[in-house]
There are 2 protein chains.
Amino acid sequence: MAQNIYDRPEFFAGYSRLARSVAGLSGAPEWPALKAMLPDIRGRRVVDLGCGFGWFCRWAAEAGASEVLGLDLSQNMLARARAETPHGVVSYQVADLETLELGEGSADLIYSSLAFHYVADAARLYAGIHKALAPGGHLVFSTEHPIFMASTSAGWREIEPGVRTWPVDHYFVEGARSTDWLSAGVVKYHRTLGTTLNALIRAGFTITHVEEFCPTPAQFTANPALAEEVERPMFLLVSAMR
Amino acid sequence: MAQNIYDRPEFFAGYSRLARSVAGLSGAPEWPALKAMLPDIRGRRVVDLGCGFGWFCRWAAEAGASEVLGLDLSQNMLARARAETPHGVVSYQVADLETLELGEGSADLIYSSLAFHYVADAARLYAGIHKALAPGGHLVFSTEHPIFMASTSAGWREIEPGVRTWPVDHYFVEGARSTDWLSAGVVKYHRTLGTTLNALIRAGFTITHVEEFCPTPAQFTANPALAEEVERPMFLLVSAMR
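## Concerning the interface of chain B and chain A
Here's step 1: Chain B puts 36 residues into the contact, and the matching count from chain A is 36 residues.
Here's step 2: A buried area of about 2,900 Å², summed over both sides, lies between chain B and chain A, and 59% of it is on carbon and sulfur atoms.
Here's step 3: When the buried surface of chain B facing chain A is broken down by residue, B:Val168, B:Phe172 and B:Glu212 rank first, second and third, together holding 21% of it.
Here's step 4: One can count zero salt bridges joining chain B with chain A.
Here's step 5: Linking chain B to chain A there are 26 residue pairs in polar contact (both at pLDDT 80 or more).
Here's step 6: Elements with a contribution of two residues or more to the side of chain B that touches chain A: strand E6 (157-160), strand E7 (163-168), helix H8 (193-202) and strand E10 (206-212) of chain B.
Here's step 7: In the side of chain B that touches chain A, the residues fall into 18 nonpolar, 10 polar and eight charged.
Here's step 8: For strand E7 (residues 163-168) of chain A and E7(B), the ladder comprises three bridges, and the chain directions are antiparallel. In the sheet register, A:Val168 faces E7(B), and the bridge partner there is B:Trp166.

Right, here's the structure in full:
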């Protein structure tokens, strides 16, 4: 079973205070880029892997999806989702992405925001997603970028006066990375970009877009704290088609 | 016209002394990985963009290609190729990848080793390559990895005792990077991985493999100096199909 950090009280409390938790999709700077990668979902069946508070599920329902299934490991997240982002075509269920089994051809879009880096066996997950998609169906997901995750000393460094840089090391040492983010010992799994893309291709997907997220000029202007995002990618956004 | 560094005497002399120049393909640690990405070329028409001393052209001819065209900007390289790697089915010609025009459907495999990072307009190049390939044809190339190229202070740093790291900054500032490698002011063009893959997809290609080169355990044992290559990718290897 995957590590269930979201049901730790201190993690859940910290996560609940993030902009993306308070403001929903509009609090996530990468959302416009991810949204631009989505297919038309009107009348389509949508599954959200790691749905959290259900912001995307409700958005998909309001955008015309015929049914939306939000899956998450965290009972805390699902309780909030059921209370705060309910919708007639949305249902929320507990699921572990490490052992997930979805019905064959049961979805037209499978979406996931910042959940796959918690999954140890991504190849198994991609194969299951491919089987669960109807022919022509889409997978659109974001995950932490391997440049962001690789180093055992991740974090900004000023290596020369005025030059802020992000260290990359251990890039080819794939596997668990333990970090302290909102809670101690949060385990994420580092995979190279090649590993991720080749696993998708091997699962049968055609890669349709690969976005290393960088805020737009308008976002930089509105939120100067984002400026450092031009230095290195934090998120990887991928769309692929069955 | 692209910068013609290979015809500078000091660059050519330095380049001629590299392992990959002296030993040919076997002197390039990434060659086995690149070779594994090639389709069967028996009876196929092959073009090598940036053929240098012609090692790959001769290899392709000996592997059964029906015709091989080696293109390079450098007269020095081509003179050496004609003298040292001649073959009945191989011809060598001057060409500039910035303005390259190839016949429609004239090739089954277009190959390039470490030349595309000298090209300013990669999207134009990919579109031309796509047109030049017969349906089902392949593009297989290597280029410097954006993690290797991005920083304005590229080079190893010891940020903590015993931790050697590679700085990444200015990742989203695409464009020219001037470096001193064998000669002063060598200009290469940094593009994000997303930009490269999306430009190929937009040109009509299906991405079939993305390899961030890491030496094999046998290569590390045979050449301990390669050990640092596990820390960050130096080369990006891509195969794509028309």
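## Brief notes about unusual backbone geometry
Leave glycine aside and you will find that most residues have negative phi; peptide bonds, for their part, are mostly trans.
Here's step 1: Backbone geometry places A:Leu182, a non-glycine residue, at a positive phi of 70°.
Here's step 2: Residues other than glycine seldom take positive phi values, yet B:His170 does so here, at roughly 55°.
Here's step 3: With respect to the secondary-structure elements, B:His170 resides in the loop between E7 and strand E8 (175-179).

## Some points on the packing of aromatic side chains
All names here are of chain B.
Here's step 1: As enumerated under the stated definition, the model contains 34 aromatic pairs over all chains in all.
Here's step 2: A centroid spacing of 6.0 Å and a plane angle of 75° characterise the contact between Trp31 and Phe56, whose relative ring orientation is edge-to-face. Of this pair, Trp31 sits in helix H3 (residues 31-36) while Phe56 is found in helix H4 (residues 55-62), placing the two residues 25 residues apart along the sequence. As far as the burial class goes, Trp31 and Phe56 line up, both buried.

## Some words on the environment of A:Tyr111
Residue and element names in this part refer to chain A.
Here's step 1: Inspection of the secondary structure assignment puts Tyr111 in strand E4 (residues 107-113).
Here's step 2: With relative accessibility at 2%, the residue Tyr111 sits in the buried group.
Here's step 3: Placed 27 residues apart in sequence, Tyr111 and Glu84 show a C-alpha to C-alpha distance of 20 Å.

## Quick notes on the nonpolar core
Here's step 1: With 83 residues, the main nonpolar core has A:Leu49, A:Ile110, B:Leu49 and B:Ile110 as its most contacted residues.
Here's step 2: If sequence neighbours within four positions are ignored, B:Leu49 has contacts with B:Leu71, B:Leu97, B:Leu100, B:Ile110, B:Tyr111, B:Ser112, B:Ser113, B:Ala115, B:Phe116, B:Leu125 and B:Ile129.

## Side note on the environment of A:Ser16
Residue and element names in this part refer to chain A.
Here's step 1: Considering the arrangement of structural elements, one finds Ser16 in helix H1 (residues 9-16).
Here's step 2: Taking relative accessible area as the criterion, Ser16 reaches 17% and is therefore assigned buried.
Here's step 3: Ignoring anything within four residues of it in the chain, the contact list for Ser16 reads Ser21, Val22, Phe53 and Arg80.
Here's step 4: Side-chain polar atoms of Ser16 contact the backbone oxygen of Phe12, separated by 2.6 Å.

## Describing the pattern of salt bridges
Residues and elements named next belong to chain B.
Here's step 1: In this structure the tally under the stated criterion is 16 salt bridges over all chains.
Here's step 2: Residue Glu30 is joined to Arg20 by a salt bridge in which the shortest nitrogen-to-oxygen separation is 2.7 Å. Of the two residues, Glu30 sits in the loop between helix H2 (19-22) and H3 while Arg20 sits in helix H2, which places them 10 residues apart along the sequence.
Here's step 3: A salt bridge links Arg164 to Glu228; the nearest nitrogen and oxygen atoms lie 2.8 Å apart.

Criteria and thresholds
Residues numbered from 1 in each chain as written. Chains lettered and ligands numbered in written order. Predicted model: local features only at pLDDT ≥ 70, side-chain atom pairs only at ≥ 80, totals over all residues. Heavy atoms only, no water. Contact = heavy atoms within 4.5 Å. Buried area = accessible area lost by both parts, 1.4 Å probe. Salt bridge = Lys/Arg side-chain N within 4 Å of Asp/Glu carboxyl O. Polar contact = N/O pair within 3.5 Å; in protein donor to acceptor, adjacent residues only side chain to side chain. Helix = DSSP H or I, 4+ residues; strand = E, 2+ residues; numbered from the N terminus. Nonpolar A, V, L, I, M, F, W, Y, C, P; charged D, E, K, R; others polar. Pairing = 2+ DSSP bridges. Phe/Tyr/Trp six-rings, centres within 6.5 Å; stacked < 30°, edge-to-face > 60°. Buried < 20%, exposed > 50% of the residue type's maximum accessible area, 1.4 Å probe, protein only. Core = buried A, V, L, I, M, F, W, Y, C linked by side-chain atoms within 4.5 Å.

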